[in-house]
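Residue strings, one per chain:
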Amino acid sequence: MDIVRYAIAVMLLAAIPAAILFWLLIHPFARFWRRLGTGRPYVILCPIAFGAMAGMVMMRGRLLAADFGLNIPLALAGLVLLVAAGIMLLTLRKRLTVRVLVGVPELSPEQPGSLITDGIYARIRHPRYVQMTLAILGYALIANYPAVYAAFIVWLAGIYAVALLEERELLDRFGDEYRAYCRRVPRFIPGIRRWV
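These lines cover the structure that appears in this document, whether it is placed above or below. (Residues numbered from 1 in each chain as written. Predicted model: local features only at pLDDT ≥ 70, side-chain atom pairs only at ≥ 80, totals over all residues. Heavy atoms only, no water.)

For the structure shown, the criterion picks out seven aromatic pairs. Look at Y6 and Y145: their rings are 6.4 Å apart centre to centre, the planes differ by 70 degrees, and that puts the pair in the edge-to-face class. In this pair, Y6 sits in helix 1 (residues 2-26) while Y145 sits in the loop between helix 8 (127-143) and helix 9 (146-174), placing the two residues 139 residues apart along the sequence. On the basis of relative accessibility, which here comes to 4%, the residue Y145 falls in the buried class. Seen in terms of ring centroids, Y160 and F188 are 6.2 Å apart; in terms of plane orientation they differ by 40 degrees. Their pairing is tilted. Residue Y160 is found in helix 9, and its partner F188 is found in the segment after helix 10 (176-184); the two are separated by 28 residues along the sequence. An aromatic cluster is built from F22, W23 and Y42, whose rings are joined through pairwise contacts. (Phe/Tyr/Trp six-rings, centres within 6.5 Å; stacked < 30°, edge-to-face > 60°. Helix = DSSP H or I, 4+ residues; strand = E, 2+ residues; numbered from the N terminus. Buried < 20%, exposed > 50% of the residue type's maximum accessible area, 1.4 Å probe, protein only.)

Given below as structure tokens:
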């Protein structure tokens, strides 16, 4: 089990900063990337993200030197969160294509996409981020390394910033339609509109 926990920890340490960096480079500069066409931004941004991943993997020895060990109650809680995240993902797959998940609407000058406001999107504006947060926390609880918990905190701060930037970009693309949607639907938690 220790090798599985270690592999999960390395995966999270590599993926979290790279994913946040990728989206922080996309959303504030979406107009610029659109002018380059759909493919060129990926040629520029993917090596940056992979470089961040490689850097984190190279530092894994120091980052994962402290290990809290296997904790059965935490691992079971992690499994419950992974099941919940999996159920959410199945719901989301009905609405999100791979093209949407990798940001083609944000980068394409010809295909700006459409605003999704039905299904789970009628209850929260960023269900994909909530789903990923549940999954990351689930994996973090199973791995049980201090560095992974720190990476989870980085994820929370980063994905909040990404959500705000994405909302600005969506407002730019969809205008009043998106503004009205934001007034009706909370960002992350049903029933809580103001900050989350």
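Okay, back to it.
What follows covers unusual backbone geometry. Positive phi outside glycine occurs at N144, with the angle close to 60 degrees. On the secondary structure map, N144 appears in the loop between helix 8 and helix 9. You can call N144 buried: its relative accessible area is 3%.

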